[in-house]
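Below are the chains, spelled out letter by letter.
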Amino acid sequence: MKQVVISGSGLFTPPHSISNEALVESFNAYVDIYNLENACLIEQGHIAALSYSSSEFIEKASGIKHRYVMVKEGILDPEVMMPLIPERSSEELSVQAEIGVEAALMALSNANLKAEQIDLVIVACAYTQRAYPAMAIEIQRALGTRGYGYDMQVACSSATFAIVAAANAIATGSASRVLVINPEICSAQVNYRDRDSHFIFGDVATALVLEEQSLAQSDNVFKILSSRCFTDYSNNIRSNFGFLNRCDPSAAHQADKLFYQQGRKVFKELLPMIYQHLDEHLAEQALTPQSFKRLWLHQANINMNLFVVRKLLGDDVSAEQAPVVLDEYANTASAGSVIAFHKYSSDFKAGDLGLLSSFGAGYSIGSVILQKC
C-alpha cells in the first residue's frame, strides 16, 4: 500500500467578527421585545418569559469569546437575527465555493503544488448550501483541478472522515493527490433566538492536501500512520432543514429546521464513546496518550475538550499539548480540529506524533494519527 501524507494546510478567516458582548446585547433586546409582546400570556402562565443571556454565561458554558462570520448584517438586528446573505446567480461562484477556494489556494501553496496537479476534490462539511451540482465540482472548476470531486457530510466529523476517504483513494490508486476542503458557513444555521445555542457557531474554511509520500514537495509533511471512524445514531444533535420541508408549509419554519441539541445528553452519551474510541485506536497502534506531542481536537466546547484531555493525559496538561482555537473562532463544525492543526503544527520535528480527532452529531467520531516526516 502507498504511504499517504498531509503536505499542506490552508485556513480562510471571514472578514467580519462578532464578540460575545455584541451577541448578548442583540439577544437581550430580542428578549425584551418578546416578553413585552407576550406579556399577557406570560402573566397568565400560558408561556414562559425568556431570560437574558450574558457573556459570562457563554464563556463558562462553552469557552467561546468571539466568532467570525461571512455576513454580519442581520445577525445583530433583534428584528432579523440571521445573516442576510444575498443569493447569487447560478453563473456566479457560490459563497461556499468562494471560501473553499481561498483555503484550498493556501493549502496548495504550502504543499508547493499547482491546482492542475490535484485529481480529486472532496468538500466535507456540516452543511452544503445546495444539493447539486456538488460544491466540490464547482470548486474543481474554479481552481482548475483534474479528475473528479464529490461532497460528503458527517457533521462535525466531516473533515476526519474525508481525510480517511482521501487516504484510501490514494492508497488504492484512484487518486494521486487530493484536496480535502471544509467550507463551514455555520452562521446560517444558528438560531439566534435560542439562549442555549445563539453563541455556538462561526464561519471558516480549511483545506488539506493529501498525496503519496514519494510525490511530496513540501517541507512540512505529516505521514498518516493510522485512522479510525465510528458512528452511532442519535437525535441529540440535529438540524431538520432539507428540501422536504417545503412539502409541509405548516412546519417549514419551525425551530427544529435550525441547529439544536440536548447538551446534557450529548455529554453523558458521547464522552464515553470518545474515550473508548481513542483507547481502542491507540491500543491498535501500541501507543499511549503520552506518545503524542499534540492533540488537535474538535473545537466544540471547552468543557468537553477538557474532559477528553484530562481523561487521556491527566490534569496537568499545557495549552501547547491541546491547543484551543474555539475562544476566537467559536465552534466551526468540521473545521475546528483542522484550524488547530494548521496553526499549531509548524514546531514538529521528524518523528513527533500528533492526534487529529473530531466528534459530534451522528454521533460520529474520527481520529487520525500523524507523524512528522
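For the structure itself, look to the data block above.
Enquirer: What am I meant to see in the overall build of the chain here?
Expert: In terms of regular secondary structure, the chain is built from 10 helices and 13 strands. Relative to the 2.2 N^0.38 estimate, which gives 21 Å for 373 residues, the radius of gyration of the chain is 21 Å and therefore close to what a compact globule would have. Each of the three principal axes of the chain carries a C-alpha extent, and together these read 70 × 55 × 35 Å. Scored against the burial criterion, the 373 residues of the chain give a buried share of 52%. If you take every contact in the chain between residues at least 6 apart in sequence, the share linking residues at least 24 apart comes to 79%. Averaging the locations of the 28 positively and 40 negatively charged side chains of the chain gives two centres separated by 6 Å.

Enquirer: I would appreciate a short explanation of the packing of helix 4 (residues 95–110) against helix 5 (residues 135–143) in the present structure.
Expert: Angle between the axes and distance between the axes: these two values describe a pair of packed helices. Their axes nearest at 9 Å, the elements helix 4 and helix 5 cross at an angle of 55°. What the angle tells us is that helix 4 and helix 5 run oblique. Considering the relative orientation of helix 4 and helix 5, their crossing is right-handed. Facing Gln96, Ala97, Gly100, Val101, Ala104 and Leu105 of helix 4, the residues of helix 5 in contact are Met135, Glu138, Ile139, Ala142 and Leu143.

Enquirer: Whenever I open this one, the pairing of strand 4 (residues 120–124) confuses me. Can you help?
Expert: Remark: a regular strand shows side chains that alternate across the two faces of the sheet. Most of strand 4 sits out of view: five of its five residues are buried. In strand 4, alternate side chains face the same way, and those of Leu120, Ile122 and Ala124 on one face and Val121 and Val123 on the other are all buried. Here strand 4 pairs with strand 5 (residues 148–152) via five bridges, running parallel. The residue bridging Ile122 from the neighbouring strand is Tyr150, located in strand 5. Taken together, strand 4, helix 5 and strand 5 form a β-α-β motif whose crossover is right-handed. Pairing between strand 4 and strand 6 (residues 177–185): four bridges, direction parallel. Residue pairing across strands places Ile122 opposite Val180, the latter belonging to strand 6.

Enquirer: So what exactly am I meant to see when it comes to the layout of surface pockets here?
Expert: Space left empty within the atom packing is revealed by a probe, the size of a water molecule, rolled over the atoms. Taken as a whole, the second largest pocket spans an internal volume of roughly 200 Å³. Every residue along the wall of the second largest pocket is listed here: Met1, Lys2, Gln3, Val4, Ala167, Asn168, Ala171, Ile224, Leu225, Ser226 and Ser227. Those elements that place two or more of their residues in the lining of the second largest pocket are helix 6 (158–172) and strand 8 (222–231). For the lining of the second largest pocket, the element with the highest residue contribution is strand 8, accounting for four residues.

Enquirer: Can you help me understand the packing of helix 1 (residues 20–37) against helix 3 (residues 55–62) in this one?
Expert: Contact pair helix 1 / helix 3: the axes reach a minimum separation of 9 Å and the direction vectors enclose 120°. Looking at the two axes, helix 1 sits oblique to helix 3. As for the relative orientation of helix 1 and helix 3, their crossing is right-handed in sense. Facing helix 1, whose interface residues are Asn20, Glu21 and Val24, helix 3 presents Ser55, Ile58 and Glu59. A per-class count over the contact of helix 1 with helix 3 returns two nonpolar, two polar and two charged.

Enquirer: Would you explain helix 3 in this entry?
Expert: Given 3.6 residues to a turn, an α-helix orients residues that are three or four positions apart in the same direction. Within helix 3 the residues assigned to the buried category are Ser55, Ile58 and Ser62. Summarising the axial view, the buried residues of helix 3 lie within an arc of 70°, below the 170-degree limit, and thus occupy one face. Within helix 3, the exposed residues directed more than 90 degrees away from the buried face are Glu56 and Lys60. Here the buried face of helix 3 lies against helix 1, helix 8 (302–313) and helix 9 (326–329). With its phi angle positive at about 85°, Gly63 sits one or two positions after the end of helix 3.

Procedures and definitions
Residues numbered from 1 in each chain as written. Predicted model: local features only at pLDDT ≥ 70, side-chain atom pairs only at ≥ 80, totals over all residues. Heavy atoms only, no water. Helix = DSSP H or I, 4+ residues; strand = E, 2+ residues; numbered from the N terminus. Rg over C-alpha atoms; globule rule 2.2 N^0.38 Å. Buried < 20%, exposed > 50% of the residue type's maximum accessible area, 1.4 Å probe, protein only. Contact = heavy atoms within 4.5 Å. Lys, Arg positive; Asp, Glu negative; His and termini not counted. Charge placed at Lys NZ, Arg CZ, Asp CG, Glu CD. Axes fitted to C-alpha atoms, helices over the stretch in contact; angles between N-to-C directions. Parallel < 35°, antiparallel > 145°, perpendicular 65-115°, else oblique. Left-handed = near helix turned anticlockwise from the far one by under 90°. Pairing = 2+ DSSP bridges. Right-handed = clockwise from strand over helix to strand, strands pointing away. 1 Å grid on protein atoms, 1.4 Å probe; cavity = no way out; pocket = protein on both sides within 12 Å on 5 of 7 lines; lining within 4 Å. Points joined across faces, edges and corners; volume = space filled by probe spheres on them. Nonpolar A, V, L, I, M, F, W, Y, C, P; charged D, E, K, R; others polar. Arc of directions from axis to C-beta.

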